[in-house]
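Letter by letter, the chains look like this.
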Amino acid sequence: MLINANNRRPSTATENPPLVTEVERDGVRVYALSGSWITRTVAQVDAEIRRLETQRSGEVLTLDLSGIDKIDTAGAWLIDRLRTVNEGHGSQVTLLAQSREASILLDAVREASRRGADTERARGPGLLIVALEAIGRTVYTIRDDFLASMNILGSTIRGAQLKLGRGHAINLAAIFNQIDRMGVGAVPVVVLMSTIVGAIVAQQGAYQLRYFGADIFVVDLVGILILRELGVLMTAIMVAGRSGSAITAEIGSMKMREEVDALKVIGLNPVGVLVFPRLVALVIALPCLTVAANFAALGGAIVISYYYSNISPTAFVDRLRVGIDLSTIFSGLIKAPFMAMIIGILASVEGLKVGGSAESLGRHVTASVVKSIFVVIILDGAFAIFFASIGF
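Our subject in this report is the structure included herewith. Numbering of residues starts from 1 in every chain and runs along the sequence as written. Residue-level local features of this predicted model are given only where pLDDT is at least 70; pairs of side-chain atoms are given and counted only at 80 or more, and the full residue set underlies all totals for whole chains, interfaces and linings. Only heavy atoms go into the side-chain values, all of them from the structure, while hydrogens and water stay out.

### Remarks on the overall build of the protein chain
The following threshold applies: Numbering goes from the N terminus for both helices and strands, where a helix is a DSSP run of H or I of at least four residues and a strand is a run of E of at least two. Residue burial is assigned from relative accessible area. The probe radius is 1.4 Å, only protein chains are included, and a residue is buried under 20% of its type maximum, exposed over 50%, and partly exposed in between. Here, Shrake-Rupley sampling with a 1.4 Å probe gives the accessible areas, and only protein chains in the shown set may cover a residue.
Helices and strands together make up the secondary structure of the protein chain, namely 13 helices and four strands. With 392 residues in all, the protein chain has 40% of them scored as buried. Entry remark: accessible area of the protein chain is about 21000 Å², with carbon and sulfur atoms responsible for 64%.

### Quick notes on unusual backbone geometry
A positive phi is found at glutamate 258, a non-glycine position, where the angle reads about 65°. Mapping glutamate 258 onto the fold places it in the loop between helix H7 (218-256) and helix H8 (259-265). With a relative accessible area of 53%, glutamate 258 lands in the exposed category. Although it is not a glycine, asparagine 310 sits at a positive phi angle of roughly 60°. Inspection of the secondary structure assignment puts asparagine 310 in the loop between helix H9 (270-309) and helix H10 (313-323). Classification of asparagine 310 as exposed rests on a relative accessible area of 71%.

### Side note on helix H5 (residues 172-182)
For clarity, the cut-off: Within this analysis, the arc is defined by the directions that extend from the helix axis to the C-beta atoms.
Residues Ile175, Gln178, Ile179 and Met182 constitute the buried set of H5. Down the axis of H5, the smallest arc covering the buried residues is 105°, so these residues share one side. What points out from H5, more than 90 degrees from its buried face, is the exposed set Ala173 and Phe176.

### Looking at helix H6 (residues 187-209)
What counts is decided by this rule: Each residue after the first adds 1.5 Å to the expected span of a helix.
A rise of 1.5 Å per residue sets the reference length of H6, with its 23 residues, at 33 Å; its end C-alpha atoms lie 32 Å apart and thus fit the reference within 8%. Every buried residue of H6 is accounted for by Val190, Met193, Ser194, Val197, Gly198, Ala199, Val201, Ala202, Gly205 and Ala206.

### Observations concerning the sheet that holds strand E2 (residues 28-37)
To be explicit about the condition: Two strands qualify as a pair provided DSSP detects at least 2 bridges between them. Angles shown run from 0 to 180 degrees and are taken between the N-to-C directions of axes, each axis being a line fitted to C-alpha atoms and, for helices, limited to the stretch in contact.
Pairing is mixed across the open sheet formed by four strands, whose spatial order is E1-E2-E3-E4. What marks the edges here is a single partner per strand, and that holds for strand E1 (19-25) and strand E4 (92-96). If you compare each strand with its neighbour and ignore which way they point, the axes differ by 30° on average. Judged from the seven bridges that link them, E1 and E2 form a sheet pairing that is antiparallel.

### Points about the packing of H7 against H9
What counts, and what does not: By the definition used in this description, the sense in which the near helix is turned from the far one sets the handedness, with an anticlockwise turn below a right angle giving left-handed and a clockwise turn giving right-handed. Residue polarity is assigned by list, with Asp, Glu, Lys and Arg as charged and Ala, Val, Leu, Ile, Met, Phe, Trp, Tyr, Cys and Pro as nonpolar; anything else, Gly included, falls into the polar class.
One can describe the packing of H7 onto H9 by two numbers: an axis separation of 8 Å at closest approach and a directional angle of 145°. Here H7 and H9 pass one another in a crossing that is right-handed. Tallied by class, residues from the contact of H7 with H9 come to 19 nonpolar, seven polar and two charged.

### What to know about the pairing of E4
Strand residues, when the strand is regular, have side chains that alternate between the two faces of the sheet. Spelled out, the test is: By convention, a crossover is right-handed whenever its connection, traced from the first strand over the helix to the second and viewed with the strands pointing away, goes clockwise.
Residues of E4 alternate between two faces, with Val93 and Leu95 buried on one and Gln92, Thr94 and Leu96 left unburied on the opposite face. Note that strand E3 (residues 60-71) and E4 share five bridges and pair parallel. In the sheet register, leucine 63 faces E4, and the bridge partner there is leucine 95. Handedness of the E3-helix H2 (residues 73-88)-E4 crossover: right-handed.

### Considerations on the nonpolar core
The test is simple: To qualify as a nonpolar core, a set must consist of buried Ala, Val, Leu, Ile, Met, Phe, Trp, Tyr and Cys residues joined through side-chain atoms within 4.5 Å. Note on contacts: a residue pair qualifies if any of its non-hydrogen atoms lie within 4.5 Å across the two residues.
Membership of the largest hydrophobic core comes to 36 residues, with the highest contact counts inside it found for Leu282, Leu286, Met339, Ile343 and Val376. Put simply, the parts of the chain that give this core at least two residues each are helix H4 (127-165), H5, H7, H9, helix H12 (335-353) and helix H13 (358-390). Look past the residues within four positions of leucine 286 in its chain and what remains in contact with it is Thr235, Ala236, Val239, Ala336, Met339 and Ala340.

### So, a nonpolar patch on the surface
We count it as follows: Without a salt bridge and with relative accessible area above 30%, a residue can belong to a patch; like charges are then joined within 9 Å and nonpolar side chains (Val, Leu, Ile, Met, Phe, Trp, Tyr) within 5 Å. Any carboxyl oxygen of Asp or Glu that lies within 4 Å of a side-chain nitrogen of Lys or Arg is treated as forming a salt bridge with it.
Together, Leu326, Phe330, Ile334, Phe338, Phe386, Ile390 and Phe392 line one region of the surface with nonpolar side chains, adding up to about 660 Å² of accessible area. Those elements that place two or more of their residues in the nonpolar patch are helix H11 (326-333) and H13.

### Observations concerning the environment of alanine 202
Turning to its location among the elements, alanine 202 is positioned in helix H6. Separated by 21 residues in the primary sequence, alanine 202 and glycine 223 have C-alpha atoms spaced 9.7 Å apart.

### Brief notes about the packing of aromatic side chains
Rules: Two aromatic rings, drawn from Phe, Tyr or Trp (for Trp, its six-membered ring), form a pair once their centres lie within 6.5 Å of each other, and the interplanar angle then sorts them: stacked below 30 degrees, edge-to-face above 60, tilted otherwise.
One pass over the structure, following the stated rule, counts five aromatic pairs. Ring geometry for phenylalanine 338 versus phenylalanine 383: centroids 5.5 Å apart, planes at 50°, classification tilted. Taken as a pair, phenylalanine 338 in helix H12 and phenylalanine 383 in helix H13 lie far apart in primary sequence, 45 residues in all. Residue phenylalanine 338 is classed as partly exposed on the basis of its relative accessible area of 41%. Here the aromatic cluster, defined as three or more aromatic residues joined through ring pairs, consists of Phe338, Phe383, Phe386 and Phe387.

### Topic: the pattern of salt bridges
Under the criterion given, the structure shown has 16 salt bridges. A salt bridge links arginine 181 to glutamate 250; the shortest N-O distance between them is 2.2 Å. In this pair, arginine 181 sits in helix H5 while glutamate 250 sits in helix H7, placing the two residues 69 residues apart along the sequence. Here glutamate 250 falls in the buried class, since its relative accessible area comes to 18%. Aspartate 380 is the salt-bridge partner of lysine 335, the closest N and O atoms lying 3.0 Å from each other. Of the two residues, lysine 335 sits in helix H12 while aspartate 380 sits in helix H13, which places them 45 residues apart along the sequence. Neither residue differs from the other here; lysine 335 and aspartate 380 are each classed as buried. Connected through shared salt-bridge partners, Asp145, Glu350, Lys353 and Lys371 make up one network.

Next up, the structure:
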């Protein structure tokens, strides 16, 4: 018997206290629930319900509800909690002789409890777990992108070797077409951007150096900053946004239309057909664009220096010859091919990831531009540290 009737009395004269009675029926242990299971009285039986919740897993729990006089949401919730906990332990719970009203109420409470549990699960884990999960996913994404990039780079180099070794001509028409699109087509915007950047650097440098009477040193500032860092970096960022996104969109749209699979069916390597010409074109075009950007930035600086600091173009060029040397020029140009390869490879990787929806295409185009710019800036910093360490 699970009845503990000591000092138990109903809260009102018309309400029977809730009871849980253990009985044997045809060799089966049954727990008979009786009395008023309402808000004012269910606290009296809570301890007994909790003892039933702790029984061993795998047992059969049979509840007879025929003796319940009254039941409200509180009583139904207590019964549902007993049922849910035991089912969670692997026990089988059976409800017997429940009235129609009690059945409706129990079903409603059970549905509300499940909905609350689903809502709690939908809230997800805490902020720390979310942050750690994001870091883990980022690490795996970086690893996958690195492996895919190395695969594309290796396939491109190996494909070129096979073509040259077998005497098959590389498709020069495709390469020159891509140079025209990525290089020649980008000249106006790169020149305009570099001119403005050079003019801004010259103006801000002259404004600060004027306080020390050292206006002429703005030439050294502009020459070193543009030729070593800003010229190639701004050009690479512009190419990543202009040409990198175009590569991802082109390859991604072909992936959506299953044209990449069609190339495989007819025996062609998609990397050799789609990636190789674009990668070679970028490696050729980006250094050329960097040279144009350097000249444009210096031209803008000459104009601003003349009108803002009264430095004539002749004096500017003479001071520039003193302030820079070949290492300054080549330290910027050396970075260009590496940045071009990064832009082309990452754009191709993201293009080959595109699924069958327009949303996937837009997402990977955005990822291509963001990743390319990020890695280009990291590479520029790494080159700057390397050149400083070797005194170049």
